[in-house]
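Here's the letter readout for the chains.
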Amino acid sequence: MHRILAITLTVAALVLPTPCAAQTDVNAVLATVEAHNSTLKALRLTLDAEQQANHAETTLDDPEIEVAQQWGSPSSIGTRQNLNVSQRFDAATLTGSKRRLAGARDEEARQRYALERPRIMLDAREAIADVIYYNALTALLRTRLDQARVTARAWQQRHAAGRASLTDVENSRLDLQMAETDMARTLAERTAAQQRLQWLCGDQPVTLTDTAFAAIAPLGTFDEWAARAEAQGPTLAYARSQSTVAQQERRVASRQALPALTLGYGGEFTRDEKYQGLTVGLSLPLWSARRRVRSAKAAVAA
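Throughout what follows, the structure given in this document is the object of discussion. Not measured: the values here are computed from a predicted model. (Residues numbered from 1 in each chain as written. Predicted model: local features only at pLDDT ≥ 70, side-chain atom pairs only at ≥ 80, totals over all residues. Heavy atoms only, no water.)

With respect to the overall build of the protein chain
Phase 1 of the analysis: Of regular secondary structure, the protein chain possesses nine helices and four strands.
Phase 2 of the analysis: Reading the helices (α) and strands (β) of the protein chain from amino to carboxyl end gives α-α-α-β-β-α-α-α-α-α-β-β-α.
Phase 3 of the analysis: The C-alpha atoms of the protein chain give a radius of gyration of 37 Å, which is well past the 19 Å a tight globule of 302 residues would have.
Phase 4 of the analysis: Principal-axis analysis of the C-alpha atoms places the extent of the protein chain at approximately 135 × 55 × 30 Å.
Phase 5 of the analysis: Classification of the 302 residues of the protein chain by burial places 27% in the buried group. (Helix = DSSP H or I, 4+ residues; strand = E, 2+ residues; numbered from the N terminus. Rg over C-alpha atoms; globule rule 2.2 N^0.38 Å. Buried < 20%, exposed > 50% of the residue type's maximum accessible area, 1.4 Å probe, protein only.)

In C-alpha coordinates:
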(Lines give C-alpha, C1' and ligand atoms only; values in the text may rest on other atoms or scores of the structure.)
Protein backbone atom coordinates (compact mmCIF):
# COMPACT_ATOMS: atom_id res chain seq x y z
CA MET A 1 0.00 0.00 0.00
CA HIS A 2 2.78 2.40 0.90
CA ARG A 3 4.61 1.57 -2.38
CA ILE A 4 1.51 2.17 -4.53
CA LEU A 5 0.92 5.53 -2.86
CA ALA A 6 4.56 6.58 -3.39
CA ILE A 7 4.45 5.69 -7.09
CA THR A 8 1.20 7.60 -7.53
CA LEU A 9 2.64 10.72 -5.89
CA THR A 10 5.79 10.48 -8.03
CA VAL A 11 3.89 10.26 -11.32
CA ALA A 12 1.63 13.14 -10.33
CA ALA A 13 4.55 15.37 -9.37
CA LEU A 14 6.44 14.73 -12.60
CA VAL A 15 3.53 14.89 -15.05
CA LEU A 16 1.45 17.79 -13.76
CA PRO A 17 2.69 21.24 -14.92
CA THR A 18 4.70 22.86 -12.14
CA PRO A 19 6.44 26.25 -12.22
CA CYS A 20 10.21 25.86 -12.26
CA ALA A 21 11.82 28.23 -9.80
CA ALA A 22 15.41 27.30 -10.59
CA GLN A 23 15.27 27.48 -14.38
CA THR A 24 18.45 29.56 -14.32
CA ASP A 25 20.29 26.36 -13.39
CA VAL A 26 19.18 24.79 -16.68
CA ASN A 27 20.26 27.86 -18.66
CA ALA A 28 23.65 27.83 -16.94
CA VAL A 29 24.15 24.16 -17.78
CA LEU A 30 23.21 24.73 -21.43
CA ALA A 31 25.69 27.62 -21.57
CA THR A 32 28.38 25.31 -20.18
CA VAL A 33 27.59 22.73 -22.86
CA GLU A 34 27.80 25.41 -25.55
CA ALA A 35 31.18 26.63 -24.30
CA HIS A 36 32.94 23.42 -23.27
CA ASN A 37 31.44 20.45 -25.15
CA SER A 38 34.32 18.76 -26.96
CA THR A 39 32.28 17.93 -30.07
CA LEU A 40 31.08 21.52 -30.43
CA LYS A 41 34.64 22.77 -29.94
CA ALA A 42 35.84 20.45 -32.71
CA LEU A 43 33.03 21.61 -35.00
CA ARG A 44 33.92 25.26 -34.42
CA LEU A 45 37.60 24.61 -35.14
CA THR A 46 36.64 22.71 -38.28
CA LEU A 47 34.41 25.60 -39.35
CA ASP A 48 37.27 28.08 -38.92
CA ALA A 49 39.69 25.83 -40.83
CA GLU A 50 37.24 25.41 -43.72
CA GLN A 51 36.66 29.15 -43.97
CA GLN A 52 40.40 29.82 -44.01
CA ALA A 53 40.83 27.20 -46.75
CA ASN A 54 37.94 28.64 -48.79
CA HIS A 55 39.55 32.09 -48.99
CA ALA A 56 43.02 30.71 -49.72
CA GLU A 57 41.81 30.02 -53.27
CA THR A 58 40.45 33.50 -54.02
CA THR A 59 43.77 35.13 -54.92
CA LEU A 60 45.73 35.13 -58.14
CA ASP A 61 48.36 32.49 -58.77
CA ASP A 62 51.76 33.24 -57.26
CA PRO A 63 54.15 35.12 -59.54
CA GLU A 64 56.93 33.09 -61.11
CA ILE A 65 60.59 34.15 -61.23
CA GLU A 66 63.13 32.27 -63.32
CA VAL A 67 66.87 32.98 -63.25
CA ALA A 68 69.43 31.18 -65.40
CA GLN A 69 73.24 31.37 -65.53
CA GLN A 70 74.79 29.82 -68.64
CA TRP A 71 78.51 29.45 -69.40
CA GLY A 72 79.65 29.73 -72.97
CA SER A 73 81.84 27.28 -74.82
CA PRO A 74 84.47 28.21 -75.80
CA SER A 75 84.98 30.36 -72.71
CA SER A 76 85.98 33.31 -74.80
CA ILE A 77 82.35 34.05 -75.69
CA GLY A 78 81.58 34.72 -72.00
CA THR A 79 78.45 33.90 -70.04
CA ARG A 80 74.78 34.64 -70.41
CA GLN A 81 72.19 35.43 -67.73
CA ASN A 82 68.44 35.03 -68.24
CA LEU A 83 65.74 36.59 -66.04
CA ASN A 84 62.02 35.99 -66.46
CA VAL A 85 59.24 37.28 -64.17
CA SER A 86 55.60 36.45 -64.96
CA GLN A 87 52.14 36.71 -63.42
CA ARG A 88 49.10 34.70 -64.51
CA PHE A 89 45.65 36.31 -64.61
CA ASP A 90 42.59 34.06 -64.82
CA ALA A 91 39.03 35.20 -65.49
CA ALA A 92 37.54 33.39 -62.46
CA THR A 93 39.64 35.50 -60.08
CA LEU A 94 39.40 38.80 -61.94
CA THR A 95 35.60 38.65 -62.19
CA GLY A 96 35.18 37.80 -58.47
CA SER A 97 33.70 34.35 -59.15
CA LYS A 98 36.16 32.66 -56.80
CA ARG A 99 35.43 35.20 -54.07
CA ARG A 100 31.69 34.60 -54.35
CA LEU A 101 32.29 30.85 -54.31
CA ALA A 102 34.32 31.21 -51.11
CA GLY A 103 31.48 33.17 -49.52
CA ALA A 104 28.98 30.47 -50.52
CA ARG A 105 31.23 27.76 -49.08
CA ASP A 106 31.56 29.77 -45.85
CA GLU A 107 27.77 29.85 -45.56
CA GLU A 108 27.58 26.12 -46.29
CA ALA A 109 30.09 25.44 -43.52
CA ARG A 110 28.11 27.63 -41.10
CA GLN A 111 24.89 25.81 -41.97
CA ARG A 112 26.63 22.45 -41.47
CA TYR A 113 27.62 23.60 -37.99
CA ALA A 114 24.07 24.83 -37.39
CA LEU A 115 22.84 21.37 -38.44
CA GLU A 116 25.13 19.49 -36.04
CA ARG A 117 24.83 21.82 -33.04
CA PRO A 118 21.14 21.12 -32.26
CA ARG A 119 21.89 17.40 -32.04
CA ILE A 120 24.43 17.98 -29.29
CA MET A 121 22.15 20.44 -27.51
CA LEU A 122 19.26 17.95 -27.75
CA ASP A 123 21.43 15.33 -26.07
CA ALA A 124 22.20 17.88 -23.36
CA ARG A 125 18.51 18.71 -22.86
CA GLU A 126 17.68 15.02 -22.58
CA ALA A 127 20.43 14.58 -19.98
CA ILE A 128 19.13 17.64 -18.11
CA ALA A 129 15.62 16.17 -18.15
CA ASP A 130 16.98 12.92 -16.70
CA VAL A 131 18.74 14.76 -13.87
CA ILE A 132 15.64 16.85 -13.09
CA TYR A 133 13.52 13.69 -13.07
CA TYR A 134 15.87 11.94 -10.65
CA ASN A 135 16.12 15.07 -8.49
CA ALA A 136 12.34 15.10 -8.12
CA LEU A 137 12.14 11.35 -7.62
CA THR A 138 14.92 11.42 -5.00
CA ALA A 139 13.09 14.12 -3.04
CA LEU A 140 9.88 12.10 -3.07
CA LEU A 141 11.61 8.87 -2.16
CA ARG A 142 13.47 10.60 0.66
CA THR A 143 10.14 11.71 2.10
CA ARG A 144 8.78 8.20 1.68
CA LEU A 145 11.87 6.74 3.36
CA ASP A 146 11.56 9.09 6.32
CA GLN A 147 7.92 8.18 6.68
CA ALA A 148 8.71 4.47 6.45
CA ARG A 149 11.27 4.80 9.21
CA VAL A 150 8.81 6.63 11.46
CA THR A 151 6.13 4.05 10.71
CA ALA A 152 8.49 1.15 11.43
CA ARG A 153 9.49 2.64 14.78
CA ALA A 154 5.85 3.30 15.66
CA TRP A 155 4.82 -0.30 14.93
CA GLN A 156 7.80 -1.56 16.92
CA GLN A 157 6.75 0.56 19.89
CA ARG A 158 3.12 -0.58 19.60
CA HIS A 159 4.27 -4.19 19.45
CA ALA A 160 6.41 -3.68 22.57
CA ALA A 161 3.37 -2.27 24.34
CA GLY A 162 1.29 -5.23 23.25
CA ARG A 163 -1.00 -3.20 20.97
CA ALA A 164 0.25 -4.60 17.62
CA SER A 165 1.01 -8.02 16.19
CA LEU A 166 4.36 -9.22 14.90
CA THR A 167 2.88 -9.33 11.41
CA ASP A 168 2.32 -5.57 11.51
CA VAL A 169 5.92 -5.05 12.60
CA GLU A 170 7.26 -7.27 9.79
CA ASN A 171 5.12 -5.51 7.20
CA SER A 172 6.44 -2.11 8.32
CA ARG A 173 10.01 -3.43 8.12
CA LEU A 174 9.35 -4.78 4.64
CA ASP A 175 8.04 -1.36 3.54
CA LEU A 176 11.17 0.23 5.00
CA GLN A 177 13.46 -2.17 3.13
CA MET A 178 11.63 -1.50 -0.12
CA ALA A 179 11.92 2.25 0.44
CA GLU A 180 15.67 1.93 1.13
CA THR A 181 16.15 -0.23 -1.98
CA ASP A 182 14.26 2.21 -4.21
CA MET A 183 16.24 5.11 -2.74
CA ALA A 184 19.60 3.42 -3.33
CA ARG A 185 18.69 2.51 -6.92
CA THR A 186 17.44 6.01 -7.68
CA LEU A 187 20.59 7.61 -6.24
CA ALA A 188 22.73 5.37 -8.45
CA GLU A 189 20.67 6.27 -11.52
CA ARG A 190 20.84 9.98 -10.67
CA THR A 191 24.64 9.74 -10.35
CA ALA A 192 24.83 8.09 -13.78
CA ALA A 193 22.64 10.83 -15.28
CA GLN A 194 24.78 13.55 -13.68
CA GLN A 195 27.96 11.93 -15.01
CA ARG A 196 26.53 11.85 -18.53
CA LEU A 197 25.55 15.51 -18.25
CA GLN A 198 29.02 16.40 -16.96
CA TRP A 199 30.58 14.57 -19.91
CA LEU A 200 28.41 16.61 -22.31
CA CYS A 201 29.66 19.73 -20.48
CA GLY A 202 33.27 18.85 -21.30
CA ASP A 203 33.85 17.40 -17.80
CA GLN A 204 33.15 20.80 -16.27
CA PRO A 205 31.64 20.74 -12.74
CA VAL A 206 27.85 20.83 -13.07
CA THR A 207 25.30 21.61 -10.38
CA LEU A 208 21.65 21.15 -11.32
CA THR A 209 19.15 21.35 -8.46
CA ASP A 210 15.90 21.73 -10.40
CA THR A 211 13.11 19.36 -9.37
CA ALA A 212 10.42 20.41 -11.88
CA PHE A 213 10.24 20.94 -15.60
CA ALA A 214 9.62 24.35 -17.09
CA ALA A 215 6.20 25.03 -18.58
CA ILE A 216 6.05 24.43 -22.34
CA ALA A 217 4.57 27.18 -24.47
CA PRO A 218 1.71 26.18 -26.81
CA LEU A 219 2.98 25.09 -30.22
CA GLY A 220 -0.03 26.43 -32.16
CA THR A 221 -1.51 24.66 -35.15
CA PHE A 222 0.44 22.17 -37.22
CA ASP A 223 0.54 24.52 -40.21
CA GLU A 224 2.05 27.27 -38.06
CA TRP A 225 4.63 24.88 -36.64
CA ALA A 226 5.48 23.54 -40.12
CA ALA A 227 5.96 27.07 -41.47
CA ARG A 228 8.36 27.91 -38.62
CA ALA A 229 10.24 24.65 -39.12
CA GLU A 230 10.63 25.33 -42.84
CA ALA A 231 11.84 28.88 -42.27
CA GLN A 232 14.21 28.08 -39.40
CA GLY A 233 15.06 24.40 -39.91
CA PRO A 234 18.81 23.84 -40.29
CA THR A 235 18.33 20.92 -42.68
CA LEU A 236 16.59 22.99 -45.34
CA ALA A 237 18.98 25.90 -44.82
CA TYR A 238 21.94 23.55 -45.31
CA ALA A 239 20.37 22.16 -48.50
CA ARG A 240 19.88 25.70 -49.84
CA SER A 241 23.52 26.55 -49.07
CA GLN A 242 24.67 23.42 -50.92
CA SER A 243 22.64 24.50 -53.94
CA THR A 244 24.21 27.97 -53.84
CA VAL A 245 27.71 26.46 -53.67
CA ALA A 246 26.98 24.24 -56.68
CA GLN A 247 25.78 27.23 -58.72
CA GLN A 248 28.87 29.26 -57.80
CA GLU A 249 31.11 26.31 -58.69
CA ARG A 250 29.43 26.14 -62.10
CA ARG A 251 30.15 29.84 -62.66
CA VAL A 252 33.79 29.38 -61.64
CA ALA A 253 34.12 26.40 -63.99
CA SER A 254 32.68 28.49 -66.83
CA ARG A 255 35.16 31.32 -66.12
CA GLN A 256 38.03 28.84 -65.98
CA ALA A 257 37.09 27.68 -69.47
CA LEU A 258 38.16 31.11 -70.76
CA PRO A 259 41.78 31.73 -71.82
CA ALA A 260 44.13 32.90 -69.06
CA LEU A 261 46.54 35.75 -69.67
CA THR A 262 50.13 35.80 -68.46
CA LEU A 263 52.13 39.05 -68.32
CA GLY A 264 55.76 39.37 -67.39
CA TYR A 265 59.24 40.67 -67.96
CA GLY A 266 62.04 38.82 -69.70
CA GLY A 267 65.73 39.63 -70.07
CA GLU A 268 68.77 38.03 -71.64
CA PHE A 269 72.21 39.48 -70.78
CA THR A 270 75.59 38.65 -72.27
CA ARG A 271 78.98 40.28 -71.93
CA ASP A 272 78.46 42.54 -74.89
CA GLU A 273 74.67 42.64 -75.41
CA LYS A 274 71.41 42.56 -73.51
CA TYR A 275 67.83 41.99 -74.52
CA GLN A 276 64.87 42.81 -72.28
CA GLY A 277 61.17 43.58 -72.54
CA LEU A 278 57.64 42.54 -71.75
CA THR A 279 56.32 39.05 -72.30
CA VAL A 280 52.71 38.04 -72.97
CA GLY A 281 51.33 34.53 -72.80
CA LEU A 282 47.94 32.94 -73.35
CA SER A 283 46.76 29.68 -71.80
CA LEU A 284 44.06 27.85 -73.75
CA PRO A 285 42.10 25.32 -71.60
CA LEU A 286 41.27 22.99 -74.50
CA TRP A 287 41.28 19.61 -72.76
CA SER A 288 39.96 19.85 -69.21
CA ALA A 289 37.56 22.80 -69.23
CA ARG A 290 34.67 21.00 -70.91
CA ARG A 291 34.67 18.18 -68.35
CA ARG A 292 34.81 20.63 -65.43
CA VAL A 293 31.80 22.57 -66.76
CA ARG A 294 29.80 19.38 -67.30
CA SER A 295 30.63 18.18 -63.79
CA ALA A 296 29.59 21.51 -62.28
CA LYS A 297 26.27 21.49 -64.16
CA ALA A 298 25.56 17.95 -62.94
CA ALA A 299 26.27 19.07 -59.36
CA VAL A 300 23.74 21.92 -59.72
CA ALA A 301 21.12 19.46 -60.95
CA ALA A 302 21.85 17.11 -58.06
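Following the structure, the description resumes.
A look at the pattern of salt bridges
Phase 1 of the analysis: The tally for this structure, following the rule as stated, stands at 14 salt bridges.
Phase 2 of the analysis: When the shortest N-O distance is used, the salt bridge between glutamate 34 and arginine 44 registers 4.0 Å. With glutamate 34 in helix α2 (residues 23-36) and arginine 44 in helix α3 (residues 38-55), this pair connects stretches of sequence that are ten residues apart.
Phase 3 of the analysis: Overall, the relative accessible area of 24% leaves glutamate 34 in the partly exposed class.
Phase 4 of the analysis: In this structure, arginine 110 and glutamate 107 form a salt bridge, with 2.9 Å as the shortest nitrogen-oxygen distance. Taken together, the residues arginine 110 and glutamate 107, both in helix α5 (residues 97-160) and three residues apart, mark about one turn of the helix.
Phase 5 of the analysis: According to the relative accessible area criterion, glutamate 107 is partly exposed, its value standing at 30%.
Phase 6 of the analysis: Via salt bridges that share partners, Glu34, Arg44 and Arg117 belong to a single interconnected network. (Salt bridge = Lys/Arg side-chain N within 4 Å of Asp/Glu carboxyl O.)

Some remarks on the sheet that holds strand β2 (residues 79-89)
Phase 1 of the analysis: The antiparallel open sheet is built from four strands, whose spatial order is β1-β2-β3-β4. Taken across any chain shown, the strands that pair with only one partner, and hence form the sheet edges, are β1 (64-71) and β4 (274-283). The sheet shows a mean angle of 15 degrees between the axes of neighbouring strands, taken without regard to direction.
Phase 2 of the analysis: Direction of pairing for strand β3 (residues 260-270) relative to β4: antiparallel, over a ladder of ten bridges. Residue pairing for β4: phenylalanine 269 is matched across the bridge by lysine 274. (Pairing = 2+ DSSP bridges. Axes fitted to C-alpha atoms, helices over the stretch in contact; angles between N-to-C directions.)

Digging into the nonpolar core
Phase 1 of the analysis: Counting residues in hydrophobic clusters, the biggest one holds 29 residues, and the most contacted among them are Val26, Val29, Leu30, Ile128, Leu197 and Leu208.
Phase 2 of the analysis: Of all the secondary-structure elements, those providing two or more residues to this core are α2, α3, α5 and α6 (166-200).
Phase 3 of the analysis: For this core, the element with the highest residue contribution is α5, accounting for 15 residues.
Phase 4 of the analysis: Excluding residues that lie within four positions of it along the chain, isoleucine 128 makes contacts with Val26, Val29, Leu30, Leu197 and Leu208. (Core = buried A, V, L, I, M, F, W, Y, C linked by side-chain atoms within 4.5 Å. Contact = heavy atoms within 4.5 Å.)

Some words on the environment of glutamate 34
Phase 1 of the analysis: Considering only alpha carbons, one finds glutamate 34 and methionine 121, 87 residues apart in sequence, at a separation of 7.8 Å.
Phase 2 of the analysis: Apart from the residues within four sequence positions on either side, glutamate 34 is in contact with Leu40, Arg44, Tyr113, Arg117 and Met121.

Thoughts on the packing of aromatic side chains
Phase 1 of the analysis: Tallied over the full model, the rule gives two aromatic pairs.
Phase 2 of the analysis: Seen in terms of ring centroids, tyrosine 133 and tyrosine 134 are 5.1 Å apart; in terms of plane orientation they differ by 75 degrees. Their pairing is edge-to-face.
Phase 3 of the analysis: Ring geometry for phenylalanine 222 versus tryptophan 225: centroids 5.8 Å apart, planes at 35 degrees, classification tilted. Taken together, the residues span about one helical turn, with phenylalanine 222 and tryptophan 225 both in helix α7 (residues 222-232) at a distance of three residues.
Phase 4 of the analysis: Residue classification places phenylalanine 222 among the exposed residues on the basis of a relative accessible area of 60%.
Phase 5 of the analysis: A relative accessible area of 42% places tryptophan 225 in the partly exposed class. (Phe/Tyr/Trp six-rings, centres within 6.5 Å; stacked < 30°, edge-to-face > 60°.)

A look at the environment of arginine 294
Phase 1 of the analysis: Mapped onto the elements of the fold, arginine 294 is located in helix α9 (residues 289-301).
Phase 2 of the analysis: Among the residues examined, arginine 294 registers a relative accessible area of 58% and is labelled exposed.
Phase 3 of the analysis: For the pair formed by arginine 294 and alanine 253, sequence separation is 41 residues and the distance between their alpha carbons is 8.9 Å.

Observations concerning the pairing of β2
Phase 1 of the analysis: Here eight bridges tie β1 to β2, and the two strands are oriented antiparallel to one another. Looking at β2, one finds that glutamine 70 is bridged to arginine 80.
Phase 2 of the analysis: One ladder, built from ten bridges, connects β2 with β3; its direction is antiparallel. Across the sheet, the residue bridging to glutamine 81 is phenylalanine 269, located in β3.

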